[in-house]
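Coordinates in review
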Amino acid sequence: MVIHVLYDACCPTCLRAIQLVTFREDTLKAATTELHPWPSAGAEEVLRGMAFGERPASLRGRVWAKLSSGLVLPNCQEDPMRLIYEMEYMAFVRLPTPQIRAHVDEIVVLPLERARQDAKGRARWWSSPSALRSAARALASQHFAVFDDFLPEATCEALAASARSARPEMQRGATGAASKATGTDLAKVLNEPSRGDVVKFCDDGKMSGCPELLDALDALVEGLQGCEETRQRLRCVDWANGAMFAIYPGNASRYIKHVDNTLGTDGRCLTAVLYLNRDWTKQHGGSLRLFEPGMQNCQVKRDVEPIWNRLVVFWSTQEVPHEVMACYKDRLAISVWFLCGAQSLRSREPFTRLFRPEKLRCIAGRDRRQRLLHAAANQNEREALAQLPLDCTFTQQQLSEQARIFHWRTEEDVQKDQDTEQDLAIRTAVAKALQGVPAAEAFQAAVPDKMQSAKCSLPLRFELVEDFPLPRRPQDDP
Ligand SMILES: O=C(O)CCC(=O)C(=O)O
Ligand SMILES: [Fe+2]
């Protein structure tokens, strides 16, 4: 299980990228890659193993990698950190120990499973007070909850049929980078192997099965709002976007580890995903992998298989980094995000979406105006909100005014606040190494002591945190 890396051995840019990879491999103290200079017999062998569509026309000036899942990462010479991310993942990822597994099952899986069985096939079994309480406890303590048999069978069938008929219109799912890219950059970002699904948003909620799905999800969220453990957190969660139909089309497609609401500014509070895959087995891959809190955390909390009529809900925050593991068969998922009005008021994009009823609906038939006012932090904000039309596009002048009243912050400002000194140091070091400074030297200067002996196993790509507590390997457990 290694990453096969093919590179043009005569290209200086490729060689610098490979130097960085070699440096990281040494400091990881784990064999994660096999390097194949091109041209060579070894490189030809790896190329022969690639499906026709994945094979580069030529490796001149290029670094390509083939991951152990079979997925191909093209053009790593442009961004070697993508490859280093994969190496770090292999070296650091820790599967749940039997103890973690038992603990998570005890809190999250078993209570809801018991409630489901006790309900003996009753529709909306999850809406009983005791089931809701179990779900609220699971969310509060482990940040996620799983519900099997969530919808009536006929609704699932309708949704699956909707997905099949929408498939020709589905487009590659976008990662955060897409919002900043334009033109050819955008095309590149949308062809990323980091996210391989095709998606379609059902904004008007009219696709067959959608009204029933949204109605059930609203009822669930409303139920959770009545539970002590989740009441405060869901206090201003009155909003939801249209359902996103997503198909991962096999071929080792996946969605790498991420947090939905990365900066905690886009308004998303709770993620709900319904899976509609019959006869799904382990061989098909495609589990939703949930990690312990913090993007740098490599400890897996639980893998959830995307089986027919299973709903998983989790916080959209840094508490739940997650990924979709490589899929080897079509995998259908429908996601809906529930948003917090109070958070949405604090920055421009989320704010303006509150005034676009065709993009963002108020859940459970609630009154838009009333929920807007409820989200306000003070009288001044309430007065401003009371005057705005509920469906409006803002002029520049209006936007400046709202920015002042609601103290909007830009993503860049928030990102800067969240960047640690080490993040900056690493970015600088990587840039230097790519300009030709020997990697050891670049990192020595930029991250003094951090890359030395005992601490050298820290992830580069994730935040470098002082004394980062590396989860223990399962076999280290007493
Ligand atoms: O399909 C899934 O299991 C989760 C997808 C996901 O993480 C996302 O679209 O943000
Ligand atoms: Fe996600």
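As named in an unreviewed UniProt entry, the chain is Fe2OG dioxygenase domain-containing protein, taken from Effrenium voratum. Annotation of the chain in UniProt includes, under Cofactor (unreviewed entry), the sentence "L-ascorbate".

Inspection of the region around ligand 1 gives M244, Y248, Y255, H258, D260, Y275, L288, H322, V324, R331, A333 and W337 as its neighbouring residues. Within the side chain of H258, one N or O atom sits 3.2 Å away from an oxygen atom of ligand 1. In isolation ligand 1 exposes 300 Å². Once the protein is present, 97% of that is buried. The dominant element in the shell around ligand 1, judged by the number of residues it contributes, is strand 16 (residues 330–340), at 3 residues. The residue makeup of the shell around ligand 1, split by class, is 8 nonpolar, 2 polar and 2 charged.

This brings us to the packing of helix 12 (residues 368–375) against helix 13 (residues 379–387). Interhelical geometry of helix 12 versus helix 13 gives an angle of 160° and a closest axis separation of 8 Å. As summarised for this structure, helix 12 and helix 13 are arranged roughly antiparallel, according to the angle between their axes. Of the two elements, helix 12 crosses helix 13, and the hand of that crossing is right-handed. From helix 12, R369, L372 and L373 reach across to helix 13, where they touch R382, L385 and A386.

A pair of packed helices is captured by two measures, namely the crossing angle of their axes and the spacing between those axes. Following both chains from N to C, one finds helix 4 (residues 98–118) and helix 5 (residues 129–142) inclined at 165°, their axes separated by 9 Å at the closest point. When the axis of helix 4 is compared with that of helix 5, the two are roughly antiparallel. Judged by the sense of rotation from one axis to the other, the crossing of helix 4 with helix 5 is left-handed. Taken together, the residues of helix 5 that come into contact with helix 4 (itself represented by H103, V104, I107, V108, P111, L112 and A115) are A131, S134, A135, R137, A138, S141 and Q142. Residue composition of the contact of helix 4 with helix 5, by class: 9 nonpolar, 4 polar and 1 charged.

Turning next to the pattern of salt bridges. Side chains that differ in charge, positive against negative, can pair when their charged atoms come close. Under the counting rule described, the total for this entry stands at 29 salt bridges. A salt bridge links D203 to K359; the nearest nitrogen and oxygen atoms lie 3.1 Å apart. Here K359 lies in the loop between helix 11 (348–353) and strand 17 (360–362) and D203 lies in the loop between strand 7 (198–202) and helix 8 (210–225), a separation of 156 residues in the sequence. The partly exposed category is assigned to K359, whose relative accessible area is 34%. Linking K282 and E305 is a salt bridge whose minimum nitrogen-to-oxygen distance equals 2.7 Å. Taken as a pair, K282 in the loop between strand 11 (268–275) and strand 12 (288–291) and E305 in the loop between strand 13 (300–304) and strand 14 (310–315) lie far apart in primary sequence, 23 residues in all. Taken together, the salt bridges that share partners define one network made up of E222, D238, R366 and R371.

The next thing to look at is the coordination of the iron ion (ligand 2). Distances from the iron ion (ligand 2) to its protein donors, H258 (NE2), D260 (OD) and H322 (NE2), fall at 2.1 to 2.2 Å. Here the donor residues of the iron ion (ligand 2) share one chain and are spaced in sequence as H-x1-D-x61-H. Of this pair, D260 sits in the loop between strand 10 (253–258) and strand 11 while H322 sits in strand 15 (residues 322–327), and the two are 62 residues apart along the sequence. A relative accessible area of 4% means that H322 is categorised as buried.

Looking at the chain, the domain boundaries give domain 1 (3–92), domain 2 (98–342) and domain 3 (417–476). Between domain 1 and domain 2, the residue contacts involve 13 residues of the former and 15 residues of the latter. In total, about 950 Å² of surface goes out of reach between domain 1 and domain 2, with carbon and sulfur atoms giving 53% of it. The largest per-residue losses of area from domain 1 upon contact with domain 2 belong to L71, Y85 and Y89, which jointly make up 46% of the total buried on that side.

Attention shifts here to the sheet that holds strand 1 (residues 3–8). In any sheet, the strands associate via hydrogen bonds between backbone groups, in a parallel or an antiparallel arrangement. If you trace the 4 strands from one edge of the open sheet to the other, you get 2-1-3-4, paired in mixed fashion. Edge positions in the open sheet fall to strand 2 (33–38) and strand 4 (72–73), since each of these has one partner strand only. Where strand 1 meets strand 2, 6 bridges bridge the pair, whose relative direction is parallel. Looking at strand 2, one finds that Y7 is bridged to P37. Taken strand by strand, helix 1 (residues 12–28) contacts strand 1, strand 2 and strand 3 (63–66), and its axis lies near 160° from that of strand 2. Seen against the sheet, helix 2 (residues 41–48) touches strand 1, strand 2 and strand 3 and runs at an angle of roughly 110° to strand 2.

In this section: the nonpolar core. Generally speaking, soluble globular proteins have nonpolar side chains that are buried together. Counting residues in hydrophobic clusters, the biggest one holds 68 residues, and the most contacted among them are F147, F150, F245 and F338. At 8 residues, helix 8 tops the list of elements feeding residues into this core. For F245, the contacting residues outside a window of four places in its chain are L159, S162, A163, M170, V198, V199, K200, C202, M207, C210, A333 and I334. In terms of nonpolar packing, the next biggest core, distinct from the first, is built from 32 residues, V5, V63, I426 and A433 among them.

What follows covers the environment of R24. By the secondary structure assignment, R24 is in helix 1. By relative accessible area, which is 0% here, R24 ends up buried. Among the polar contacts made by the side chain of R24, one reaches the side chain of T27 at a distance of 2.9 Å. Reaching out from R24, the side chain makes a polar contact with the side chain of E88 at a distance of 2.8 Å.

In this model, W38 is joined to P39 through a cis peptide bond whose omega is 0°. Assignment of secondary structure puts P39 in the loop between strand 2 and helix 2.

This next bit is on the pairing of strand 7. Pairing analysis gives 2 bridges linking strand 6 (residues 171–172) to strand 7, with the strands arranged antiparallel. Counted as the bridge partner of Q171 is V199 from strand 7. Pairing geometry for strand 7 and strand 9 (residues 243–249), over 5 bridges, is antiparallel. Considered in strand 9, the bridge of V198 is made with I247.

Rules used throughout
Residues numbered from 1 in each chain as written. Chains lettered and ligands numbered in written order. Predicted model: local features only at pLDDT ≥ 70, side-chain atom pairs only at ≥ 80, totals over all residues. Heavy atoms only, no water. UniProt positions renumbered as here; feature names shortened; annotations may be inferred. Near = heavy atom within 4 Å. Polar contact = N/O pair within 3.5 Å; in protein donor to acceptor, adjacent residues only side chain to side chain. Areas by Shrake-Rupley, 256 points an atom, 1.4 Å probe, with all protein chains shown as cover. Helix = DSSP H or I, 4+ residues; strand = E, 2+ residues; numbered from the N terminus. Nonpolar A, V, L, I, M, F, W, Y, C, P; charged D, E, K, R; others polar. Axes fitted to C-alpha atoms, helices over the stretch in contact; angles between N-to-C directions. Parallel < 35°, antiparallel > 145°, perpendicular 65-115°, else oblique. Left-handed = near helix turned anticlockwise from the far one by under 90°. Contact = heavy atoms within 4.5 Å. Salt bridge = Lys/Arg side-chain N within 4 Å of Asp/Glu carboxyl O. Buried < 20%, exposed > 50% of the residue type's maximum accessible area, 1.4 Å probe, protein only. Donors = N, O, S within 2.8 Å, 3.2 Å for Na, K, Ca; no water. Domains from an automatic or database assignment. Buried area = accessible area lost by both parts, 1.4 Å probe. Pairing = 2+ DSSP bridges. Core = buried A, V, L, I, M, F, W, Y, C linked by side-chain atoms within 4.5 Å.

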